[in-house]
Amino acid sequence: MRKKIVAGNWKMNTTLQEGIALANDLKNALAGKTPKCDVVVCTPYISVAAVAETVKGSVIGVGAEDCSANEKGAFTGEVSASMVASTGAKYCILGHSERRQYHGEDNALLIKKLNLALANGLTPIFCVGEVKEEREANTFKSVIEGQMAAVYTLSAADFAKVVIAYEPVWAIGTGLTATSAQAQEVHASIRASIAAKYDKATAENTSILYGGSCKGSNAPELFAQPDIDGGLIGGAALKAADFMQIIEAWK
Ligand code: 13P
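The present account deals with the structure reproduced in this document. Since we're looking at a predicted model, the values are computed, not measured. Along each chain, residues carry numbers from 1 onward, in the same order as the chain's sequence is written. Note on the predicted model: pLDDT of at least 70 is required for a residue's local features to be given, and 80 or more for side-chain atom pairs to be given and counted; whole-chain, interface and lining totals, by contrast, use all residues. Computation of side-chain values: all heavy atoms of the structure, hydrogens and water removed.

This paragraph deals with the packing of aromatic side chains. Stacked, tilted and edge-to-face pairs are distinguished by plane angle, under 30 degrees for stacked and over 60 for edge-to-face with tilted covering the rest, among Phe, Tyr and Trp rings (Trp via its six-membered ring) whose centres lie within 6.5 Å. Throughout the structure, instances matching the rule amount to 5 aromatic pairs. An angle of 10 degrees between the planes, with centres 4.8 Å apart, marks the rings of phenylalanine 223 and tryptophan 250 as stacked. Of the two residues, phenylalanine 223 sits in helix 11 (residues 219-223) while tryptophan 250 sits in the segment after helix 12 (240-247), which places them 27 residues apart along the sequence. Note on accessibility: phenylalanine 223 and tryptophan 250 belong to one class, buried. In textbook terms, an aromatic cluster arises when at least three aromatic residues are bridged by ring pairs, as seen for Tyr152, Phe159 and Tyr198. A positively charged side chain is recorded as over a ring if its NZ (Lys) or CZ (Arg) lies within 6 Å of the ring centre. The angle to the ring normal must also be within 35 degrees. Positioned over the ring face of tryptophan 250 is lysine 4, at 5.4 Å from the centre of the ring. Its end group placed over the ring of phenylalanine 140, arginine 135 keeps NZ or CZ at 3.7 Å from the ring centre. By the criteria applied, helices consist of DSSP H or I runs no shorter than four residues and strands consist of E runs no shorter than two, each listed in order from the N terminus. Exposure categories follow from relative accessible area, calculated using a 1.4 Å probe and restricted to protein chains: below 20% of the type maximum is buried, above 50% is exposed, and the middle band is partly exposed.

Okay, structure coming up:
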C-alpha cells in the first residue's frame with residue numbers, strides 16, 4: 001500500500017533559529033499523537049542538520065529542498081546529496097517549479113540529481129506541474145508527461161523509492177487551489193502514465209502528493225480524492241498549528 005504523506009517545504013523563509021523553533025513546535029504538537037500519515041519537513045540547507053537533531057526520536061522525517069547535480073568537489077555554494085544524507089535527512093525535494101523557473105532546471109539536470117539522491121539513500125520528492133498558460137491551453141497533461149520523463153529513466157526498483165508531487169504552478173502561493181476534481185484528474189493521469197511506463201502495481205504503490213495553496217480548510221476535500229496521497233505544503237507549513245491541521249486531515 002502506498003504511503004500517505006504530508007510534507008512541508010519551508011522554502012527560503014526560516015533562519016536557523018526560526019527553523020529550530022518551528023521544528024520544536026511541530027514535535028511538541030505531535031507528541032503523544034499517532035498521525036495517520038508520514039510527516040516530513042524539508043528545510044533550507046542551513047537548518048537541515050539542526051532540525052534533524054531537534055526532531056530525533058519523533059515521527060517527523062527531515063529533508064532538503066534540493067541537492068547538487070554533482071557528486072563532490074569544486075562546486076562553490078553547492079550542497080551534495082551525500083552531505084544532505086550525512087545530517088540524518090531522508091528526503092530531498094527535486095524539480096520544484098521555483099528551481100525550474102529561476103534556475104533553469106531541466107530533465108537532464110534532474111536525472112543527475114535523482115540518481116545522486118537515490119545513491120545516497122534519500123527519497124526524492126519529485127515535483128511536476130504546469131504553468132497557467134499551459135493549463136489554459138489545455139496542454140498540461142503533455143507538459144507533465146514531459147517532466148515525468150526524467151523519473152522514467154529510473155529502473156522500476158529505483159522509481160519505487162520516489163514520491164511524486166503535482167504542483168500546478170498557478171496554484172503555488174497564490175491562494176488559488178486547484179479544485180479537488182482538477183487535482184484528482186491530473187493525479188489519476190499521472191498514475192495511469194506510471195502504470196503504462198512500469199506496471200499497475202508500481203503505479204498503485206506510488207505516493208502522489210498535491211501542492212499549491214493547500215491548507216487546513218481544503219486538505220480534507222483534496223485528500224478524500226482516490227489518487228491524492230497527501231500534500232506538499234509551502235505557506236501553511238510555516239506554523240505548527242496550520243501544518244497540524246493538514247496532518248489531521250488524514251483521519
Ligand atoms: P504553497 O503551499 O505556499 O502554495 O506552496 C506550495 C509549494 O510550492 C510546496 O512545494
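There's plenty left to go through after this.
With that settled, the discussion passes to the nonpolar core. Counting residues in each nonpolar core, the largest one holds 68 residues, and the members touching the most others are Leu26, Phe126, Ile164, Ile190 and Phe223. Once residues within four sequence positions are removed from consideration, isoleucine 190 is found in contact with Val128, Ile144, Met148, Tyr152, Ile164, Tyr166 and Ile208. The next biggest cluster of nonpolar side chains, apart from the first, holds 12 residues, and it includes Ala7, Val40, Tyr91 and Ile125. The nonpolar core is taken to be a set of buried Ala, Val, Leu, Ile, Met, Phe, Trp, Tyr and Cys residues, with the residues joined through side-chain atoms within 4.5 Å. A contact between two residues is defined here by any heavy atoms of the two lying within 4.5 Å.

Neighbouring residues of the ligand: Asn9, Lys11, His96, Glu167, Ala171, Ile172, Gly173, Gly212, Ser213, Leu232, Gly234 and Gly235. Take glutamate 167: an N or O atom from its side chain is 2.9 Å from an oxygen atom of the ligand. Side-chain atoms alone can form a polar contact between residues adjacent in sequence; in general such a contact is a pair of N or O atoms within 3.5 Å, and within protein one must be able to donate a hydrogen while the other accepts it. Here glycine 234 contributes a backbone N or O atom positioned 2.9 Å from an oxygen atom of the ligand. Every accessible area reported is derived by Shrake-Rupley at a probe size of 1.4 Å, with residue values counting cover from the shown protein chains alone. The fraction of the free accessible surface of the ligand (310 Å²) that becomes covered by protein chains is 94%. Classification used: nonpolar for Ala, Val, Leu, Ile, Met, Phe, Trp, Tyr, Cys and Pro, charged for Asp, Glu, Lys and Arg, polar for all others including Gly. A breakdown of the residues in the shell around the ligand according to their chemical character gives 3 nonpolar, 7 polar and 2 charged. One heavy atom suffices: a residue is near a molecule or strand as soon as one of its heavy atoms comes within 4 Å of it.

All we've got here are geometric facts, nothing functional implied.
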